[in-house]
Amino acid sequence: MDAGGSRPGNSDANGPRVNERIRAPQVRVISDEGEQLGVMSSQDALAKARALNLDLVEVAAQERPPVCRIMDYGKFKYQQKKRSAKRQVNKPQMKELRMRPKTGAADVQVKVNKAREVIGNNGKILLAIVYRGREIAHIEEGMKLLNSVIAQLDDIAKVESPPKQLGKRVQCVLAPK
């Protein structure tokens, strides 16, 4: 593999030290198969890594002497990136569904179906009834609509935060059971 500075990602300030960037005179070395090779000078460890066409990566800089592993650093970074992307995919999402107090029954059913889909994917729903103009005088109409939607989703969702009025909207959060 390449020497220290010419490989992409080697100039990463918060990543591990690789190849020539390892400053310690003595390092504890672990082979690419995971076996301990013992304590040796960093030049000898780097020579062993180069002989295998791999990199010397500092994995535990705080230890005395620092622990270094012989590995393919590019492949290691790729696998780390894949793992972090996989963790991000599993994050539950929050989806907001807005309605008005006079929203029709068919439109409400479309919103309920969308909510079922999101809750089925382990997401949360923020149900919001938005009032415009004089509609705010009839908050009970919006509360009826909100309670009917909550009742329709009762089999798969629980109310995480009860309906509350925030200015010209009434909202609540539903989470999967």
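Structure's up top.
This is a predicted model, so every value here is computed, not measured.

What counts and how
Residues numbered from 1 in each chain as written. Predicted model: local features only at pLDDT ≥ 70, side-chain atom pairs only at ≥ 80, totals over all residues. Heavy atoms only, no water. Helix = DSSP H or I, 4+ residues; strand = E, 2+ residues; numbered from the N terminus. Buried < 20%, exposed > 50% of the residue type's maximum accessible area, 1.4 Å probe, protein only. Contact = heavy atoms within 4.5 Å. Expected span 1.5 Å × (residues − 1). Arc of directions from axis to C-beta. Pairing = 2+ DSSP bridges. Axes fitted to C-alpha atoms, helices over the stretch in contact; angles between N-to-C directions. Parallel < 35°, antiparallel > 145°, perpendicular 65-115°, else oblique. Left-handed = near helix turned anticlockwise from the far one by under 90°. Nonpolar A, V, L, I, M, F, W, Y, C, P; charged D, E, K, R; others polar.

Asks: In this structure, what is going on with the environment of Met99? I would like to understand it.
Replies: Inspection of the secondary structure assignment puts Met99 in strand 5 (residues 94-99). The exposure class of Met99 is buried, given its relative accessible area of 3%. Remark: the alpha-carbon pair of Met99 and Leu126, spanning 27 residues in sequence, is separated by 11 Å. When residues no more than four places from it in sequence are discounted, the contact partners of Met99 are Val108, Lys111, Leu127, Ala128, Ile129, Val130, Leu145 and Val149.

Asks: What should I look at first to understand the environment of Ala61 in this one?
Replies: In this structure, Ala61 sits in the loop between strand 3 (55-60) and strand 4 (67-71). Taking the C-alpha atoms as reference, Ala61 lies 12 Å from Val29; in sequence the two are 32 residues apart. What Ala61 contacts, discounting residues up to four positions off in sequence, is Arg17 and Pro66.

Asks: Please clarify how helix 3 (residues 105-120) should be interpreted in this entry.
Replies: Helical geometry: 3.6 residues make up each α-helical turn, so side chains three or four residues apart lie on a common side. For helix 3, which comprises 16 residues, the first-to-last C-alpha distance of 22 Å matches the rise-based estimate of 22 Å (1.5 Å per residue) to within 8%. The complete set of buried residues in helix 3 reads Val108, Val112, Ala115, Val118 and Ile119. Along helix 3, the residues classed as buried sweep out an arc of 120 degrees about the axis, all on the same side. In this structure, helix 3 carries Ala106, Val110 and Gly120 as exposed residues pointing more than 90 degrees from its buried face. The inward-facing, buried residues of helix 3 abut strand 5, strand 6 (124-130), helix 4 (139-152), strand 7 (157-166) and strand 8 (169-176). Backbone geometry just after helix 3 places Asn122 at a positive phi near 65 degrees.

Asks: Would you mind going over the side chain of Ser41 with me for this structure?
Replies: Examined against the element boundaries, Ser41 turns out to sit in strand 2 (residues 36-41). We classify Ser41 as buried; its relative accessible area is 18%. Ser41 has contacts with Pro25, Gln26 and Val27, leaving out every residue within four places of it along the chain.

Asks: It is not clear to me how the sheet that holds strand 5 should be interpreted in this structure. Could you clarify?
Replies: Strand pairing in a sheet relies on backbone hydrogen bonds, with the paired strands running either antiparallel or parallel. Read from one edge of the open sheet, four strands run 5-6-8-7, paired in mixed fashion. Edge positions in the sheet fall to strand 5 and strand 7, since each has one partner strand and no second. Adjacent strand axes in the sheet meet at a mean angle of 15 degrees, parallel and antiparallel pairs treated alike. Across six bridges, the pairing between strand 6 and strand 8 is antiparallel. Residue pairing in the sheet places Ala128 in a bridge with Gln171 of strand 8.

Asks: What exactly am I supposed to notice about the pairing of strand 2 here?
Replies: Every regular strand shows the same layout, with side chains that alternate between the two sheet faces. Across five bridges, strand 1 (residues 26-30) lies against strand 2 in antiparallel orientation. Opposite Gln26, over in strand 2, you have Ser41 as the bridge partner. In textbook terms, the turn of a hairpin is the stretch between consecutive antiparallel strands, and for strand 1 and strand 2 this stretch comprises five residues, one of which, Gly34, has a positive phi near 95 degrees.

Asks: How should the packing of helix 3 against helix 4 be read in this particular structure?
Replies: To characterise two packed helices, one gives the angle between the axes of the helices and the distance between these axes. Two elements in contact, helix 3 and helix 4, have axes whose closest approach is 10 Å; the angle formed by their N-to-C orientations is 45 degrees. With respect to their mutual orientation, helix 3 and helix 4 come out oblique. Note that helix 3 runs across helix 4; the crossing there is right-handed. Contacts between helix 3 and helix 4 pair Val108, Gln109, Val112 and Arg116 from the former with Leu145, Val149 and Gln152 from the latter. Classifying every residue of the contact of helix 3 with helix 4 gives four nonpolar, two polar and one charged.

Asks: Could you clarify how one ought to interpret helix 4 in this entry?
Replies: The end-to-end C-alpha distance of helix 4 is 20 Å, a good match for the 20 Å that 14 residues give at a rise of 1.5 Å each. Restricting attention to buried positions, one finds in helix 4 the residues Gly142, Leu145, Leu146, Val149 and Ile150. Taken down its axis, helix 4 places every buried residue within 135 degrees of arc, on the same side. Looking at helix 4, the residues exposed on the side facing more than 90 degrees away from the buried face are Lys144 and Ala151. Those residues of helix 4 hidden inside the fold are in contact with strand 5, helix 3, strand 6, strand 7 and strand 8.

Treat this as a map of the structure, not an account of what it does.
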